[in-house]
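A structural walkthrough
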Amino acid sequence: ESEDILRLFFSILDKRTRPLNTILAGYFSRVMGALLARRSSDIVLYMQSNPGILNKLVYHVDTTSVAEVLARLAGADDPVGYNESPSVTWLAKTDVLQLLVKSLRNDIPAEGQANAAEVLAAIARSTATQLTKSMANATFMQELVGAALSEHSGTAASHALNVCLALLEPLTVDPTMGRFPVTDIHDVLRQQAVLCLCQEDTLARLVQMLEVGGGLTGNDDCADKPDKIIEASVKGDMFSIRCLPTTYGQVKPPVGQLRLKIVDLLASLFRTTEPMAEQAVMRTSAIPKAMKMFLEYPFNNAL
């Protein structure tokens, strides 16, 4: 009930250095969990009157404990308990989704990209709240896909595609865990994601990324230059491709996380059973290119 104490409590977020002290951030997360569980309305009122706190939380999303606080605020850490909480209702009126999508940029620390994607994916998989419904907004979907296709490293794109995968995959309902049944909003989310991803230029760009590294290794001897980096430019995107020594020989280049995510995304589009998704993928060269990768990397279990 003391604003002075709350101001002192939230002052840990005032630091501009990243990441925050891990131990202090862990204590901060534990106290926030208690406050949200027992004094949710009071803490949300304080955060509403101090809107800068939300921006600071997102700024420090590279600290895992802070990412956990964001997930708890969004009700994404417990799909049953927080769907009607004051924090979720308040967050739905903020630009937190856009702030998290912006955290997928290449100038954000790698841990921040990963944690922001985890929070967004958790929101997508949570029960139907006002915040989940906000993800069905076409503008949000375009920003998310734009984050995956913008000029940045393959790592940042992979994290953005993780969120797209969370939107496409159907939720599993487990009555023994007390999960709410899947609602219509998740069907809407899936349909909006399909609409956005199946735009001709978007799919064409994703399929083109499957060729990253193709024909760029030349005659370089991977064994002699294990740390050699080959830069491949695909429509302005720069990807670092390394030789990968394995027990059966040199992989030049390896499949890489980004290309694997794109194949996973294409498979998810088929699994939605949306005719539009199937037709859109078939209009591209995705299937032949995926099959080519499958044959080129016979020991890649994921492919």
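Thresholds, definitions, all that
Residues numbered from 1 in each chain as written. Predicted model: local features only at pLDDT ≥ 70, side-chain atom pairs only at ≥ 80, totals over all residues. Heavy atoms only, no water. Helix = DSSP H or I, 4+ residues; strand = E, 2+ residues; numbered from the N terminus. Buried < 20%, exposed > 50% of the residue type's maximum accessible area, 1.4 Å probe, protein only. Contact = heavy atoms within 4.5 Å. Areas by Shrake-Rupley, 256 points an atom, 1.4 Å probe, with all protein chains shown as cover. pLDDT = per-residue confidence, 0-100. Phe/Tyr/Trp six-rings, centres within 6.5 Å; stacked < 30°, edge-to-face > 60°. Patch = residues over 30% accessible without salt bridge, like charges linked within 9 Å, V, L, I, M, F, W, Y side chains within 5 Å. Salt bridge = Lys/Arg side-chain N within 4 Å of Asp/Glu carboxyl O. Axes fitted to C-alpha atoms, helices over the stretch in contact; angles between N-to-C directions. Parallel < 35°, antiparallel > 145°, perpendicular 65-115°, else oblique. Left-handed = near helix turned anticlockwise from the far one by under 90°. Nonpolar A, V, L, I, M, F, W, Y, C, P; charged D, E, K, R; others polar.

A separate point is the overall build of the protein. Each helix and strand counted, the protein has 16 helices and four strands in total. Counting only residues that meet the buried cut, the protein has 46% of its 303 residues in that class. A separation of at least 24 residues holds for 67% of the contacts in the protein among residues at least 6 apart in sequence. Accessible surface, the protein as shown: approximately 15400 Å² in total, 53% of it carbon and sulfur.

A few words on the confidence of the model for the protein. When pLDDT is averaged across the protein, the result is 82; 82% of the residues are at 70 or more. Of the regions scoring below 50 in pLDDT, residues 213–240 engages in 55 contacts with residues more than four places distant in sequence or in other chains.

Before going further, it helps to spend a moment on the packing of aromatic side chains. Within the structure shown, the criterion is met by four aromatic pairs. Aromatic side chains Phe9 and Phe10 sit 5.1 Å apart centroid to centroid with 65 degrees between the ring planes, which places their arrangement in the edge-to-face category. Looking at Phe9, the relative accessible area reads 19%, which means it is buried. Ring geometry for Phe10 and Phe28: centres 6.0 Å apart, planes at 75 degrees, overall edge-to-face. Placement of the pair is Phe10 in helix α1 (residues 3–10) and Phe28 in helix α2 (residues 22–38), with a sequence separation of 18 residues.

Here we take up a nonpolar patch on the surface. Residues Ile23, Leu24 and Tyr27 make up a contiguous nonpolar surface patch of roughly 320 Å² in combined accessible area. Tracing the chain through its elements places Leu24 in helix α2. Take Leu24: its relative accessible area is 43%, and that puts it in the partly exposed class.

This part is about the packing of helix α5 (residues 64–73) against helix α8 (residues 110–125). Each pair of packed helices gets described by two things: the angle between the helix axes and the distance between those axes. Running from amino to carboxyl end, α5 crosses α8 at an angle of 20 degrees, the nearest separation of the two axes being 10 Å. When the axis of α5 is compared with that of α8, the two are roughly parallel. The crossing of α5 and α8 is right-handed. Mapping the contact onto sequence places Thr64, Ala67, Leu70 and Ala71 in α5 and Glu111, Asn115 and Val119 in α8. When its residues are assigned to classes, the contact of α5 with α8 shows four nonpolar, two polar and one charged.

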